[in-house]
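Observations on chain architecture
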Amino acid sequence: MKSPLLLLAPMEGLLDATLRDVLTRTGGLDRCVSEFIRITDTLLPERAFVRVVPELLRGGLTRGGVPVRPQLLGSDPGCLAENAARLAGLSPFGVDLNFGCPARTVNRSRGGAVLLDEPELIGRIVAAVRRAVPAHLPVSAKMRLGYDDDRVAEDCALAIAQAGAQELVIHARTKAHGYRPPAYWDRIAQVRGVLPPALRVVANGEIWSVDDARRCIEVSGCDALMIGRGMVTDPGLALAIRGQGGVPWSQIPPLLSVFWTQVCGRVERRHRAGRLKQWLNYLRRRYPEAQVAFDALRESNDPDAISAWLGLPHLPIPVLEAEIAAAC
């Protein structure tokens, strides 16, 4: 299998800047897309972008040196364009647009996957953002196959392509499918068939293993993959797809310590334990040792006790807001 372009997916409430930092330390990933920045009817201050994408303070790179592309979500072409222009001033690695979020609260406010019933509006959004940012800055988008069904998947993808996007990630399920398997990689191939060759199409959905990656490439015809839950579960998956082994459990505890230290520096005390247990819950699907850790910490919500279990000192109160204020 030829080594594909590998992107780390955004996952609201899970795969944020903290977990991006940790997962991009393991190697194998080419780029990340941030969780969405919601755009309504306001021009956001710079600190609002930095709060979601603190990598903007470090040249747009994670500490592991992997570029992060911020993602915007909304339905107003003019307001999205205005905010994209402000974001461009922070020198990001492009601007991504969200047409795939299945969350009910997001869809009710005309954001994410609900826009897939309006290909013409999707085209106007992409075109407005493309005009608003410098020509050298890539504009990309992520979509699902549709909202209730996939009848207008080709129309939506064509609208994105014709509006000037350079890259399109297709999550191979509709909003109605949610995250239930399977992912319909064959539909990605069909959508690719109507698109100009210059538009890079990235396949996304149900990539948990090297075999999944191989089959997805074969079925979809894509030379690029976006991985989300598979990478959270197995931090060595990108390396394994590249034929470079993986990440054994012996390398996971130091990553847990880095993750916990950052959580304690960014998250309110009462929410910290939940973040660590959330990640361990994924890791235990891949590593038996993670099950042992999860069981040991399952009943604990005391950050100091968790720090002691991890062999770490008492960790600080959240500092991210102060860092953002000082930078912006």
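1. Overview of the pattern of salt bridges
Per the stated rule, a full pass over the model turns up 23 salt bridges. One salt bridge connects arginine 25 with aspartate 21, and the closest N-O pair in it is separated by 2.6 Å. Take arginine 25: its relative accessible area is 39%, and that puts it in the partly exposed class. Here aspartate 21 falls in the buried class, since its relative accessible area comes to 2%. Each member of the salt-bridge network shares a partner with another, and the members are Arg20, Glu35 and Glu55.

2. Overview of the packing of aromatic side chains
The tally for this structure, following the rule as stated, stands at 2 aromatic pairs. Geometrically, the ring pair formed by tryptophan 249 and tyrosine 287 is tilted, given 5.5 Å between the ring centres and 55 degrees between the ring planes. One end of the pair, tryptophan 249, is in the loop between helix H10 (237-241) and helix H11 (252-266); the other, tyrosine 287, is in the loop between helix H12 (269-283) and helix H13 (288-297), with 38 residues separating them in the sequence. The exposure class of tryptophan 249 is buried, given its relative accessible area of 19%.

3. Section: the sheet that holds strand E1 (residues 5-8)
Paired through their backbone hydrogen bonds, the strands of a sheet run either parallel or antiparallel. Spatial ordering of the closed barrel is given by E1-E2-E3-E4-E5-E6-E7-E8, a layout of 8 strands whose pairing is parallel. On average, each strand axis in the sheet is tilted by 30 degrees relative to the strand beside it, whichever way the strands run. Strand direction decides the pairing type here: strand E4 (residues 95-99) and strand E5 (residues 139-144), joined by 5 bridges, are parallel. Bridge assignment links asparagine 98 to a residue of E5, and that residue is lysine 142.

4. Topic: H12
If you check H12, its first and last C-alpha atoms are 23 Å apart, about what 15 residues at 1.5 Å a residue would give, namely 21 Å. Taken together, the buried positions of H12 are occupied by Arg272, Ala273, Arg275, Leu276, Lys277, Trp279, Leu280, Tyr282 and Leu283.

5. Considerations on the packing of H11 against H12
Direction vectors running N to C along H11 and H12 enclose 150 degrees, while the axes themselves pass 9 Å from each other. Between H11 and H12, the angle is such that the two are roughly antiparallel. The hand of the H11/H12 crossing is right-handed. Packed against H11, whose contacting residues are Ile252, Leu255, Leu256, Phe259, Trp260, Val263 and Cys264, the element H12 presents Arg272, Ala273, Arg275, Leu276, Trp279, Leu280 and Leu283 at the interface.

6. What about the side chain of histidine 171?
With respect to the helices and strands, the residue histidine 171 is situated in strand E6 (residues 167-171). Ignoring any residue separated from it by four or fewer positions in sequence, one finds histidine 171 in contact with Lys142, Met143, Arg144, Leu145, Gly178, Tyr179, Asn204 and Gly205.

7. Points about the side chain of arginine 275
Along the chain, arginine 275 turns up in helix H12. On the basis of relative accessible area, arginine 275 is assigned to the buried category, the value being 13%. A distance of 3.4 Å separates a polar atom in the side chain of arginine 275 from the backbone oxygen of leucine 14.

8. Overview of the layout of surface pockets
Empty space among the atoms becomes apparent when a probe as large as a water molecule is rolled across them. Here the largest pocket is characterised by a volume of approximately 530 Å³. For the largest pocket, the lining is made up of 31 residues, of which Pro10, Met11, Lys142, Arg144 and Tyr179 are closest to its centre. Class assignment of the residues belonging to the lining of the largest pocket gives a composition of 14 nonpolar, 9 polar and 8 charged.

9. Quick look at H13
Of all the residues in H13, the buried ones are Ala290, Ala293, Phe294 and Leu297. When H13 is viewed along its axis, its buried side chains cluster within an angular range of 100 degrees and face the same direction. The outward face of H13, more than 90 degrees from its buried face, is lined by the exposed residues Pro288 and Val292. As for H13, its buried residues are in contact with H12 and helix H14 (303-309).

Cut-offs applied
- Residue positions are given per chain, counting from 1 as you read along its sequence in written order.
- Only residues with pLDDT of at least 70 get local features here, since the model is predicted, and only at 80 or more are side-chain atom pairs given and counted; chain-wide, interface and lining totals rely on the full set of residues.
- Side-chain measures were taken over the full set of non-hydrogen atoms in the model, leaving aside hydrogen atoms and water.
- Here, a salt bridge means any side-chain nitrogen of Lys or Arg that lies within 4 Å of a carboxyl oxygen of Asp or Glu.
- Only protein chains enter the accessibility calculation, which uses a 1.4 Å probe; a residue whose area is less than 20% of its type maximum is buried, one above 50% is exposed, and one in between is partly exposed.
- Planes of paired rings set the category: under 30 degrees apart is stacked, over 60 is edge-to-face and the rest tilted, where pairs are Phe, Tyr or Trp rings (Trp by its six-membered ring) whose centres lie within 6.5 Å.
- Each helix is a run of DSSP H or I of at least 4 residues and each strand a run of E of at least 2, with the numbering of both proceeding from the N terminus.
- Pairs of strands are assigned from DSSP output, requiring at least two bridges between the strands.
- Axes here mean lines fitted to C-alpha atoms, for a helix over just the part in contact, with angles spanning 0 to 180 degrees between N-to-C directions.
- A helix is expected to span 1.5 Å multiplied by its residue count minus one.
- Between 65 and 115 degrees an angle is taken as roughly perpendicular, under 35 as roughly parallel, over 145 as roughly antiparallel, and anywhere else as oblique.
- The handedness criterion is simple: a crossing whose near helix is rotated anticlockwise from the far helix by less than a right angle is left-handed, and one whose near helix is rotated clockwise is right-handed.
- Contacts are assigned to residue pairs with any non-hydrogen atoms lying within 4.5 Å of each other.
- Polar contacts, as used here, are pairs of N or O atoms within 3.5 Å; protein pairs need one atom able to donate a hydrogen and one able to accept it. Residues neighboring in sequence count only if both atoms are side-chain atoms.
- In this analysis a 1.4 Å probe is tested at points of a 1 Å grid over the protein atoms alone, and where it fits but cannot get out there is a cavity; an open set with protein on both sides within 12 Å along at least five of seven lines is a pocket; lining residues have an atom within 4 Å of a point.
- Grid points are joined across faces, edges and corners, and a volume is the space filled by probe spheres set on the points.
- Residues are grouped as follows: Ala, Val, Leu, Ile, Met, Phe, Trp, Tyr, Cys and Pro are nonpolar; Asp, Glu, Lys and Arg are charged; all remaining types, including Gly, are polar.
- Read the arc as the range of directions from the helix axis to the C-beta atoms.

Read these as layout, nothing more, since geometry by itself doesn't imply function.
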